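# Coordinates in review
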Amino acid sequence: MTYVKKDVKYDNFLKAKEHQWECDKCDCTFSKYPSLKEHKTETHSY
Ligand SMILES: [Zn+2]
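Now for a description of the structure that goes with this document.

Scoring rules and cut-offs
- Residues numbered from 1 in each chain as written.
- Predicted model: local features only at pLDDT ≥ 70, side-chain atom pairs only at ≥ 80, totals over all residues.
- Heavy atoms only, no water.
- Phe/Tyr/Trp six-rings, centres within 6.5 Å; stacked < 30°, edge-to-face > 60°.
- Helix = DSSP H or I, 4+ residues; strand = E, 2+ residues; numbered from the N terminus.
- Buried < 20%, exposed > 50% of the residue type's maximum accessible area, 1.4 Å probe, protein only.
- Donors = N, O, S within 2.8 Å, 3.2 Å for Na, K, Ca; no water.
- Tetrahedral: all angles 85-135°; square planar, octahedral: opposite > 155°, others 65-115°.
- Salt bridge = Lys/Arg side-chain N within 4 Å of Asp/Glu carboxyl O.

### Focus on the packing of aromatic side chains
- The final tally for this structure, using the stated rule, is one aromatic pair.
- Seen from their ring centres, Trp21 and Tyr33 are 4.8 Å apart, and the 55 degrees between their planes marks the pair as tilted. Taken together, the residues Trp21 in strand S3 (residues 21-22) and Tyr33 in helix H2 (residues 33-44) connect sequence positions 12 residues apart.
- Residue Tyr33 is classed as partly exposed on the basis of its relative accessible area of 40%.

### Regarding the coordination of the zinc ion
- The zinc ion binds to the protein through Cys23 (SG), Cys26 (SG), His39 (NE2) and His44 (NE2), with metal-donor distances spanning 2.0 to 2.3 Å.
- What the four donor atoms of the zinc ion show is an angle range of 101 to 118 degrees at the metal, which sorts the shape as tetrahedral.
- Taking the relative accessible area as the measure of exposure, Cys26 reaches 23% and is therefore partly exposed.

### Observations regarding the pattern of salt bridges
- Counted according to the given criterion, the structure contains one salt bridge.
- Of the charged contacts, one joins Lys40 and Asp24 as a salt bridge, the two residues approaching to 3.6 Å between their closest N and O atoms. Of this pair, Lys40 sits in helix H2 while Asp24 sits in the loop between S3 and strand S4 (29-30), and the two are 16 residues apart along the sequence.
- With relative accessibility at 58%, the residue Asp24 sits in the exposed group.

Laid out in structure tokens, this is it:
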């Protein structure tokens, strides 16, 4: 089974989970929502 997100294919669920949170300002992906929030705060000054 493969997990497809946009045009990227993940070969297992764990990998897909590692990239489940994606920044809408750039192409960064994060495994945890707090990491995404922190990224947005630091990089995009939300
Ligand atoms: Zn970003």
